[in-house]
Amino acid sequence: MSLLVLVVDDEPDVEELFRQQFRRDLRAGRFIMEFARSGDMALQRIGEAEGVSIILILSDINMPGMTGLELLPRAKAARPDVSVIMITAYGDADTKQKALEGGAEGLLTKPIDFGALRSEIDMRVQRAA
Amino acid sequence: MTRRATTGGKAGKARRGNTKSRRTGHLGSASTLQKQLRERTRELVESRKQLAEALEQQAATSEILGVISKSPTRVERVFEIIAVNALRLCGSGWSGVMLFNGETIELAAIHNLSEFDGAGALRRSFPRKPSRTGATDRAISTNRPCYIADVSAIDQYDHPELVQSIGYRSILSVPMLRGGQAVGAISIVAKAANAFSERQQALLCTFADQAVIAIENARLFDEVRQRTDDLSESLEYQTATSEVLNVISRSPTNVQPVFDAICESASRLCDAVFSVVWRYDGDLLHYAASHNFTREVLDNIFKTYPKRPDRSVAAGRAILDGRIAHVPDMLADPEYSHELALAGNWRASLAVPMLRDGKPVGAISVGKAEAVPFSERQMQLLTTFADQAVIAIENARLFDEVQARTRELATSLEDLRTTQDRLVQTEKLASLGQLTAGIAHEIKNPLNFVNNFSGVSVELIDELQATLGTIKADDKTVAEISELADTLRGNLDKIVQHGKRADAIVKNMLQHSRQGSAEHRPADINALVEESLNLAYHGARAEKQGFNITLKRSLDPAAGEADVFPQDITRVLLNLISNGFYAATRRKAEGNGGDYKPVLAASTRDLGDRVEIRIRDNGTGIPPEVKEQIFNPFFTTKPAGEGTGLGLSISHDIIVKQHGGSIEVDTRPGEFTEFRIVFPRKAATLGEGGALA
């Protein structure tokens, strides 16, 4: 069963950036990445995740429609076992607290430190193996 | 007025006998006729005599009336004329007019009694209380005429010394009656006994009535004159007080003209040789104004005043006692300052206090050359002046108060305007801050992509070159590809570098308008300054090789603690210190070394409920046109890439908005720049709690 990292962000170029950053892992098939452009799409994908094991959800906070902080509790409700890491441009204490209260594993600020993100993913890939 | 004589004497009987015999006469024999003729002749002689007497009497009374009407006020003259006429119509001897005041009898006029005959003894017997047996005395005490036909016939006559020295026997006295009461008497005296007739008594009664009229006339005249005098004095006083009122209304702000006017009027109306107005501040007596003082006295006053009020002058007493002080004769007053009075040539002095709510605020004093008491009216006048002086002082005080209040209001208004201007400025900065924040957020995302993609692209170029290495190609192609790849990598590096620069700017902008910051707490101000100095110094040394500067600290131990957002204050200090380093370094570079020594001084000072921090450098200074703009966001004089133009703008916001303080700059181009920060010790609670956006 393939391991899935679900990235939720309304910016289309995020997909291209992530695919380039993790091109070797993806080429090697260590995990797959899927991209949802909204909270609704993300919840839908979580709901119909068959034949895949979601190891991590990365979600932007500032999105039109459902925000990342609104998505967070619903995603956790659907899949309590799945870790969620929030991504935001606002690294302030208030946002961080809200994210952690909503059940997020952590908070990454933009620009994303891809080194740190890679180690988070690696850890979960190894755990799943 | 009724006066029928009851005293004994022949005069009355003789007159009645004559009338009777004329009525009962008739014609008869020759002897009878002869007798009748004699009788008629006698009657004719008698009536001629009576006619002459009546004429003489009429002449006398008309002379008296003439004197009365000619000199209505000179009652003494009337008495003299009465005395003269009384004697003339009553035969030999002497006459006198006496006055009675209800208690004692006084001699008003005396006629035909020489000093040899004992006039001195007569004068000496007055004034006296009415005696028991004296004719004048009895006429006055009984309100009826008294005729003593022979004083030697009276046992224990009350005035033996007069009888002895003057030598008289008959005396006739009629009272001068007003309202039935004696106000005096007219007496005629003769050396012989039984000298006066009833007719003479009646004549004397007429004179007495005339004397009373004269007295009454004179009294009324005196009264009228007194009233007129009083009225004209009142008018004068009223004119004076209304003049002072005029001065008060003309000069509502200045009391001096009022005091001067009061002095002038007081001198004139109190017949004074001087007048002074004093002011009293509750402790000392101050000279305010005067009239007619000699140079010498004035010099003396200027030398000794202001001083505490004492009892050596009337004004001092008026202040101390809170009421009128009257010194009718300073020579009789051991407490009074004789020296001053002698120098000013006055004997009597009067002072009235100027009272406001019962408390003395000054005094008006006047002095007279003679030791004569001041009149009740003069005291009243001076009291009125004192009241007016108080009104003038009060007026001026109220006016001053109103003006002070107006000035205060004007200042408040000015302050309000300034505050409003500052608010508008702050508001501009704030909205600019919000705008900046919005823009920063919008830019940050695409900028992240630029940075991220270029970062990945550098890796991809490396991978591309590695992949190309595995392909067989001629050296020239390999070299070309390698060169292109190098250029591409170089460009990407540039993109990354400038992207990061842009990112730094955006980060600063976000900080400028961030939402909320760390918590506030009481922080040691000197420690904050010390920490900032060290951080900035080591930071600068790490950044630039060869950097050096002398740090001077002048930290007030009393600076103590203040409730602030320490991170933000440190941020401001770092900013100012770094700017100082930059300016000093630049001056050193411009001066190509020389003996210039860069110095940065940090000082703190306790201002009570506020604290002051100064950061001063001896660098390039700030030109005036630049100084205007240094707190504006994005304004910088540093070369592109060296400054974001936000440092001072952020510092301004932190100090002014967040901490409710002030930040000012003092500078001289080519010499120094000094930033002065002042904020309240309760800065964090007074400011806007860090909510800047």
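Cut-offs and rules
- Residues numbered from 1 in each chain as written.
- Chains lettered and ligands numbered in written order.
- Predicted model: local features only at pLDDT ≥ 70, side-chain atom pairs only at ≥ 80, totals over all residues.
- Helix = DSSP H or I, 4+ residues; strand = E, 2+ residues; numbered from the N terminus.
- Buried ≥ 20, exposed ≤ 12 C-beta atoms within 10 Å, placed from the backbone.
- Contact = placed C-beta atoms within 7 Å.
- pLDDT = per-residue confidence, 0-100.
- Pairing = 2+ DSSP bridges.
- Axes fitted to C-alpha atoms, helices over the stretch in contact; angles between N-to-C directions.
- Right-handed = clockwise from strand over helix to strand, strands pointing away.

Okay, the overall build of chain A next. On a plain count of helices and strands, chain A comes out with six helices and five strands. Shown N-terminal to C-terminal, the secondary structure of chain A runs as helices and strands in the order β-α-α-β-α-β-α-β-α-β-α. By residue count, 30% of the 129 residues in chain A fall in the buried class. Within chain A, residue pairs in contact and separated by at least 24 positions form 68% of the contacts whose partners lie at least 6 positions apart.

This next bit is on the interface of chain A and chain B. Where interface size is given, it is often the accessible area lost as the parts come together that is meant. Taken together, the contact pairs ten residues of chain A with eleven residues of chain B. Among the elements that take part in the side of chain A that touches chain B, helix 1 (residues 13-21) of chain A stands out by supplying four residues, more than any other.

On to the confidence of the model for chain B. All names here are of chain B. Per-residue confidence for chain B gives a mean pLDDT of 83, with 89% of residues at or over 70. Contacts of residues 1-21 to residues separated by more than four positions or lying in other chains number 23 contacts, the stretch itself having pLDDT below 50. Low pLDDT, under 50, characterises residues 688-693; the predicted model gives this stretch 20 contacts beyond four residues in sequence or across chains. Across the whole predicted complex the pTM is 0.42, and at the interface the ipTM reaches 0.80.

Our focus in this paragraph is the sheet that holds strand 3 (residues 146-148) of chain B. Residue and element names in this part refer to chain B. Taken together, five strands build an open sheet; the order of strands is 2-1-5-4-3 and the sheet is antiparallel. Both edges of this open sheet fall to strand 2 (105-111) and strand 3, since each of them pairs with a single strand only. Going across the sheet, the axis of each strand differs from the next one's by a mean of 15 degrees, ignoring polarity. Contacts from helix 5 (residues 135-142) reach strand 1 (94-100), strand 2, strand 3, strand 4 (170-178) and strand 5 (181-190), with the element oriented near 25 degrees to strand 4. Across the sheet, helix 7 (residues 198-250) is in contact with strand 1, strand 3, strand 4 and strand 5; its angle to strand 4 comes to roughly 40 degrees.

Residues and elements named next belong to chain A. The element strand 3 (residues 52-60) is largely enclosed, with a buried count of seven among its nine residues. Relative to strand 3, strand 1 (residues 2-8) runs parallel, the two being bridged by seven bridges. Residue pairing across strands places Val5 opposite Leu56, the latter belonging to strand 3. As defined by bridge partners, strand 3 adjoins strand 4 (residues 83-88) across five bridges and the pair is classed as parallel. Bridge assignment links Ile57 to a residue of strand 4, and that residue is Val84. In the classification by handedness, the crossover that spans strand 3, the intervening helix 4 (residues 68-78) and the parallel strand 4 is right-handed.

This part takes up the environment of Asn300 of chain B. Residues and elements named next belong to chain B. Within the secondary structure, Asn300 sits in helix 9 (residues 295-304). Residue Asn300 is classed as partly exposed on the basis of its 17 C-beta neighbours within 10 Å. For the pair Asn300 and Leu340, spaced 40 residues apart in sequence, the C-alpha separation works out to 8.2 Å. Leaving out residues up to four positions away in the same chain, Asn300 has contacts with Leu340 and Ala343.

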